[in-house]
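Examining the three-dimensional arrangement
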Amino acid sequence: MKKTTWQLGLRVSAATALAGLGLAGCGGSGTDSEPVAVAGEQACKTSATLGGIANAPVITEASWVPANTEKPASTATTFLPAHCVVRGAISPRTGVDGIAYATKFELRLPANWNRKFLFTGGSGLEGTLPAAYGATGGPRTALEQGYAVVSQNGGHDNAAMPLPYSFGLDSDARIDFGYRSIQQTAQTAKSFVATYYQRAADKSYFDGCSTGGRQGMAFAQRFPEMFDGIVAGAPVFDFGRVVAARLWGWQKAAALVTREPGSYPRFHEAMPEADRRLFQRGLLAACDATDGVVDGMVSRPLSCGFQPASLQCTGAKTSECLSADQVRLWEAVMSGPVDSQGKPFQVPGYSTNREVPVAGYRVDPAWMTSSGQAARITGQGVILDIQWKLNVDPTPYLFMTPPDPTFQPLSDINWDTWSERMTVNAPWLMSNPDIASYRDRGGKMILYHGSGDSGPNAVDTANYYDAVVQRNGSYEATAKFARLFLVPGMGHCQGGPSTDTFDRLAAIEKWVEGGVAPDRIIATARAGNADLTAVTPAISASTSRPLCPYPSYAHYNGTGSVEDAANFTCKAI
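Here is a short report on the structure shown in this document. Every residue gets a number counted from 1 within its own chain, in the order that chain's sequence is written. In keeping with the model being predicted, local features are shown solely for residues with a pLDDT of at least 70 and side-chain atom pairs are shown and tallied solely at 80 or more, while totals for entire chains, interfaces and linings include all residues. With hydrogens and water set aside, each side-chain value is computed from the structure's full complement of heavy atoms.

Buried, partly exposed and exposed residues are distinguished by accessible area as a fraction of the type maximum, computed with a 1.4 Å probe on protein chains only: under 20%, between the cut-offs, and over 50%, respectively. Put simply, DSSP marks the helices as runs of H or I at least four residues long and the strands as runs of E at least two long, and each gets a number from the N terminus on. With five of five residues buried, strand β7 (residues 116-120) lies mostly within the body of the structure. Judged by which residues are buried, β7 turns out to be covered on both faces: K116, L118 and T120 on one side and F117 and F119 on the other are all buried. Pairing between β7 and strand β9 (residues 203-209): five bridges, direction parallel. What sits directly across from F119, in β9, is F206. A strand pair is defined by DSSP finding two or more bridges across the two strands. Here β7 pairs with strand β8 (residues 148-152) via three bridges, running parallel. Within β8, the residue paired with F117 across the bridge is A148.

A separate point is the environment of R300. Positionally, R300 belongs in the loop between α6 (273-287) and α7 (324-335). Considering only alpha carbons, one finds R300 and P551, 251 residues apart in sequence, at a separation of 9.4 Å. Two residues qualify as a contact provided that any one of their heavy atoms is within 4.5 Å of a heavy atom in the partner residue. Leave out the neighbours within four places in its chain, and R300 touches T290, Y553 and I573.

If you look at the biggest cluster of nonpolar residues, it comprises 70 residues, and the most contacted ones within it are F279, W330, W367 and W418. Those elements giving two or more residues to this core turn out to be α3 (171-197), α5 (239-254), α6, α7, α8 (373-377), α9 (381-391) and α10 (395-398). The element best represented in this core is α5, accounting for 10 residues. With near-sequence residues (within four places) excluded, F279 lies in contact with M271, F306, P308, L311, L322, W330, V363, W367 and M368. Counting 54 residues, the second-largest nonpolar core is a separate cluster that includes L50, F192, F206 and A218. Buried Ala, Val, Leu, Ile, Met, Phe, Trp, Tyr and Cys residues that are joined via side-chain atoms within 4.5 Å together make up what is termed a nonpolar core.

Pairing between side chains of opposite charge can happen when the charged atoms of each approach one another. By definition, a salt bridge exists where a carboxyl oxygen of Asp or Glu is found within 4 Å of a side-chain nitrogen of Lys or Arg. Scanning the model with the defined rule gives 26 salt bridges in all. In this structure, D228 engages R441 in a salt bridge whose closest nitrogen and oxygen atoms are separated by 3.5 Å. Of this pair, D228 sits in the loop between α4 (211-222) and β10 (229-233) while R441 sits in the loop between α12 (436-440) and β13 (444-450); the two residues are 213 residues apart in sequence, bridging distant segments of the chain. Given a relative accessible area of 9%, D228 falls into the buried group. Among the ionic contacts, a cluster of salt bridges with common partners joins E61, E70, R87, E106 and R108.

Another point: the state of the cysteines. The disulfide criterion used throughout: a pair of cysteine sulfur atoms within 2.5 Å. The full count for this structure, using the stated rule, is five disulfides. Between the sulfur of C44 and that of C84 lies a disulfide, 2.0 Å long from S to S. Residues C44 and C84 are joined through a disulfide that is right-handed, its torsion about the S-S bond being 75 degrees. With C44 in helix α2 (residues 41-46) and C84 in strand β4 (residues 83-94), this pair connects stretches of sequence that are 40 residues apart. One exposure class covers both C44 and C84, and it is buried. Each bonded cysteine in the protein gets a number by its place in the sequence, and the pairs come out as 1-2, 3-8, 4-5, 6-7, 9-10.

Turning our attention to empty space enclosed by the protein. Method remark: on a 1 Å grid restricted to protein atoms, a set of points is classed as a cavity if a 1.4 Å probe fits but cannot get out and as a pocket if it is open with protein on both sides within 12 Å along at least five of seven lines; lining residues have an atom within 4 Å of a point. Grid points are joined across faces, edges and corners, and a volume is the space filled by probe spheres set on the points. In total, this model carries six cavities of 30 Å³ or more according to the counting rule given. Looking at the largest cavity, its volume works out to about 110 Å³. Lining the largest cavity are D238, F239, G240, V347, P348, L398, F399, M422, T423, A426, W428 and L429. Following the grouping adopted for this structure description, the nonpolar residues are Ala, Val, Leu, Ile, Met, Phe, Trp, Tyr, Cys and Pro, the charged ones are Asp, Glu, Lys and Arg, and the polar ones are all others, Gly among them. Residue classes in the lining of the largest cavity are distributed as nine nonpolar, two polar and one charged.

The next thing to look at is the packing of aromatic side chains. Between 30 and 60 degrees the pair is tilted, below 30 it is stacked and above 60 it is edge-to-face, where a pair is any two Phe, Tyr or Trp rings, Trp via its six-membered ring, whose centres lie within 6.5 Å. Scanning the model with the defined rule gives 31 aromatic pairs in all. Between W415 and W418, the ring centres sit 5.8 Å apart and the planes meet at 85 degrees, which makes this aromatic pair edge-to-face. Side by side, W415 and W418 carry an identical accessibility label, which is buried. Ring geometry for Y556 and F568: centres 5.3 Å apart, planes at 50 degrees, overall tilted. Of the two residues, Y556 is situated in strand β17 (residues 553-556) and F568 in strand β18 (residues 568-571); the sequence distance between them amounts to 12 residues. Judged by relative accessible area, which is 12%, Y556 ranks as buried. Aromatic ring contacts, followed pair by pair, group F117, F119, Y179, F206, F219, F223 and F227 into a single cluster. Throughout this description, the term charge over a ring refers to an Arg CZ or Lys NZ atom that lies within 6 Å of the ring centre and within 35 degrees of the ring normal. Here the guanidinium or amino end of R300 rests over the ring plane of Y553, the centre of that ring lying 4.8 Å away.

With that settled, the discussion passes to the side chain of D453. Mapped onto the elements of the fold, D453 is located in the loop between β13 and α13 (458-472). Neither His nor the chain ends is counted toward charge; the positive residues are Lys and Arg and the negative residues Asp and Glu. Of the side chains with opposite charge, R246 comes closest to the buried, unpaired D453, at an N-O distance of 5.2 Å. Any N or O atom pair separated by 3.5 Å or less is treated as a polar contact, with the protein-specific requirement of one donor-capable and one acceptor-capable atom, and with residues adjacent in sequence counted only for side-chain atom pairs. Only 2.7 Å separates the side chain of D453 from the side chain of H492, close enough to count as a polar contact. When sequence neighbours within four positions are dropped, the list of residues in contact with D453 reads A234, Y361, Q373, M490, G491, H492 and C493.

This part is about the packing of α3 against α4. Relative orientation of the contacting elements α3 and α4 amounts to 75 degrees, with a least axis distance of 10 Å. Between α3 and α4, the crossing angle belongs to the class labelled roughly perpendicular. Counting all contacts with α3, which are made through F177, G178, Y179, I182, Q183 and A186, the residues of α4 involved are T211, R214, Q215, A218, F219 and R222. Residues of the contact of α3 with α4, tallied by class, amount to six nonpolar, four polar and two charged. Fitted lines through C-alpha atoms give the axes, limited to the stretch in contact for helices. The angle between two N-to-C directions lies from 0 to 180 degrees. To sort the angles, those under 35 degrees are grouped as roughly parallel, those over 145 as roughly antiparallel, those from 65 to 115 as roughly perpendicular, and the leftovers as oblique.

Two orientations exist for strands paired in a sheet by backbone hydrogen bonds: parallel and antiparallel. Pairing in this open sheet of nine strands is mixed, and the strands run β3-β4-β5-β8-β7-β9-β10-β13-β14 from one edge to the other. Of all strands in the sheet, those bounded by a partner on one side alone are β3 (58-65) and β14 (482-487). For this sheet the average axis-to-axis angle between neighbouring strands, irrespective of direction, equals 15 degrees. Direction of pairing for strand β5 (residues 100-110) relative to β8: antiparallel, over a ladder of four bridges. Looking at β8, one finds that L107 is bridged to V150. Sitting on the sheet, α4 is in contact with β7, β8, β9, β10 and β13, with an inclination near 140 degrees to β9. Against the sheet, α13 touches β13 and β14, its axis set at about 160 degrees to β14.

With that out of the way, let us pick up α13. Given a helix with a known number of residues, its expected span is that number minus one, times 1.5 Å. Between its first and last C-alpha atoms α13 spans 21 Å; for 15 residues at 1.5 Å apiece the expected length is 21 Å, and the two agree. A side-chain oxygen of the first residue of α13 lies 3.0 Å from the backbone nitrogen of V459; this N-cap is N457. Two residues or fewer past α13, G473 is found with a positive phi of approximately 95 degrees.

Shown next, in the form of structure tokens:
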């Protein structure tokens, strides 16, 4: 078919645009895969006045980016294609605290459109508007591949607030952060795409990690009609569990160290670098060979039985052993928080204050690297500062109802009673394993999680997937529409002694469009990742490994280079 140039001087009615959005519940019904070429700069500027867009956004900017003038990153070697950038605001309002709120979005519309749409998820507590390039884990962004790509800010603007988490004082802002901002952004962006190109997208995808991973789960659970394919990485699907586990570890570490006047405890005193290396050696000695090869990686992290007590000094502390206090610290992190009776601490779920036990973290080679528990619990400087601002400082504003800005989490938490002050049915809680509606409309979902993640617990994600399996009867039945890939040694979304780079979008595309389910995803190590040399033996930056569908793992075949994924087989546990 000859490529068509669509002149955008014409307007499409709201009814036509939204009808297009409803085709196949998600994408359009067209089967022509040739790109749609649209008019350039003038059409882009005219798009600011398009009518009939879902949620009636206020368009604040519509600007044209010529080809070969902008890169997706300062280190990128290629330029972006010609495209239109549209920025706007949905549902602007003044909050109870007098602060201006709105869901702000950025939508990038390529001149040569591949008839697909990608929503790229947010991170942290949001509050900023990331560029909508659509990182994929592969060599090219989604925008470079011809996707229309959107991003959003979580419904609040950090620049307008006294603190980046004070939006927790506004109940509507909590809902926006939980799910409404992404729902409205998806509706608005898909409507705008349909109007701009005069046809709906054939296929729609979501990709995100961390908060973005939780957003992907929100779409599968709450808005199953929105996307054909979802990639959800390291999902913070239960913030209550994450915060409780982290605060538990910090409390235990704080009891062992001195305190900086007017600042943080000197957490790094609890585990000096030499002791971290000792811990790392003991862990690898116990678990590295369980996947068939000693290579600095543990491909069966959930089966690693290493116990810190095996390194405990029998007498005075020396460089070859850990003190009893150090052992107790890491045992506490591994077991998870408990109350004064030794019973597992439970956080609120959808119905009650005491509903979900908080799991401990499984030991992993990433623990004593810059991406792991040592950096989080016994770290210092920038790493600690970031983690503190994401967990400790926001707790009184976001994770307690009603909010109590006077609450000091490190000293005021009582593990017998704190759950009574936590938020029940929080709008960011996405732990519902019933995703039958998404399954039944043909949706496909890839979950992935680094086994060394010191934030959201990979154990929780594995348990969530097991709950989905239980509802669907078997791993085989569940694997027809949803698969989980654990990334050995990877920290939060990246880093750690791991192969942390893989093309997520290509994997979900092949499944949705070609019917090829990912039996393995090839991941590679990333040059510049300092954690590769934090283990012995060090991991080469040229290493590749297959990521295997949970609960299988990558097992060395016994011959060939250990740096080549071709010499590993996904093996059932």
